[in-house]
Amino acid sequence: MADESEIMKLDLLPEDCIVQLLSFTSPYDVCHASLVSTMVRDAAISDLLWEKFLPSDYRQIISRLVLPINFASKKELFLKLFSPLLIDGGRKTFSIDRISSKKCYMLSARELSIAWSTNPLYWCWKPLLHSRFPEGVELIMVCWLEIKGKINTRMLSPRTTYGAYLIVNLAGRAFGLDSLPSEISVKVGGDHESKGIVLIRRNYTNSRKQELERVLMRHRAETLRSRVDNRGGTERALCDRGDGWLEIELGEFYSDGVNDKEVTMCLREVKGEHLKGGLIVEEG
């Protein structure tokens, strides 16, 4: 805690100097520093300061909002961007991470490339309860499951490690999705690729039921798994988000902020040649 003499010295600085000093901290630190003195509090609500915390392209981002937002200050705008807001005709959301202040994007199912998704015999587009997007898509039945999403690093925060996730759910009629692990990958340009596998199934709370299934299906599962190449990859599991949806971590990648590169995220199961259905896709 600063003593009284340090506070008095700080108060002697021009406001723009205090703003400059605070800009090297974080929004969290600024909110705490505003309690030090009246001069610091005035600097801590300055539009000049909060514009430094906003993404450099924030004007272009808010011009893409589906519904315009009202804000009386740059600090208010920053706080409103904590909540995911629909952009680009409702096909994406944008938000600022509460902890890191980095840019975050979510791609709707319509923004993803899903094999056969335009054929109503294989996929069904419909509104989803508790979804942030107008609609999602449910797998009726296919033998070739492939879902891809793409984003350019120029849209992202520089010098940042990102995680790529697929948000899904399983219908009560889901079948064939856990017969063989799905291959997951994240590729940045032609330089780096992260690989892994995931078994699309809910985690059982009944351990006896899970163990019995393992015994009955062990031989078949081992035969099918031998078809999947996971050298150097990571085996992942579905995670319950606590909001009724399940999360698949596809991998990580680094955005350097220097080079514009296309990031391709993918979930694929094309080797089993068996029918599968009941996967509900909300976003990536």
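Residues numbered from 1 in each chain as written. Predicted model: local features only at pLDDT ≥ 70, side-chain atom pairs only at ≥ 80, totals over all residues. Heavy atoms only, no water.

An unreviewed UniProt entry lists the chain under the name F-box protein PP2-B15 isoform X2, with Nicotiana tabacum given as the organism.

## Considerations on a nonpolar patch on the surface
Together, W116, L121, Y122 and W144 line one region of the surface with nonpolar side chains, adding up to about 460 Å² of accessible area. Position of L121 relative to the elements: it lies in the loop between β4 (113-114) and β5 (123-126). (Patch = residues over 30% accessible without salt bridge, like charges linked within 9 Å, V, L, I, M, F, W, Y side chains within 5 Å. Areas by Shrake-Rupley, 256 points an atom, 1.4 Å probe, with all protein chains shown as cover. Salt bridge = Lys/Arg side-chain N within 4 Å of Asp/Glu carboxyl O. Helix = DSSP H or I, 4+ residues; strand = E, 2+ residues; numbered from the N terminus.)

## Looking at the nonpolar core
Counting residues in hydrophobic clusters, the biggest one holds 58 residues, and the most contacted among them are L22, L166, I248, L250, L267, L279 and V281. With 5 residues, strand β8 (residues 160-175) is the largest single contributor of residues to this core. A domain split of this core shows at least three residues from each of domain 1 (14-83) and domain 2 (91-283). Filtering out sequence-adjacent residues up to four positions away, L250 remains in contact with A164, Y165, L166, I184, S185, V186, S194, R236, M265, C266 and L267. Among the nonpolar cores identified, the runner-up in size contains 5 residues, and I167, A171, W245 and I280 belong to it. (Core = buried A, V, L, I, M, F, W, Y, C linked by side-chain atoms within 4.5 Å. Buried < 20%, exposed > 50% of the residue type's maximum accessible area, 1.4 Å probe, protein only. Domains from an automatic or database assignment. Contact = heavy atoms within 4.5 Å.)

## Topic: the sheet that holds strand β15 (residues 277-283)
Each strand in a sheet pairs with its neighbour through backbone hydrogen bonds, running either in the same direction (parallel) or in the opposite one (antiparallel). If you trace the 6 strands from one edge of the open sheet to the other, you get β5-β6-β15-β8-β13-β12, paired in antiparallel fashion. In this open sheet, the two edge strands, each paired with only one partner strand, are β5 and β12 (239-240). In this structure, β5 lies alongside strand β6 (residues 136-139), joined through 4 bridges in antiparallel fashion. Bridging across to β6, W123 finds its partner in L139. (Pairing = 2+ DSSP bridges.)

## Some details on the sheet that holds strand β9 (residues 182-188)
Here 6 strands make up an open sheet; going across it, the order is β4-β7-β14-β9-β10-β11 and the pairing mixed. A single partner strand is all that each edge strand has here, and the edge strands are β4 and β11 (234-237). When β4 meets strand β7 (residues 145-152), the two strands line up antiparallel, connected through 2 bridges. Along β7, the bridge assignment pairs I114 with I147.

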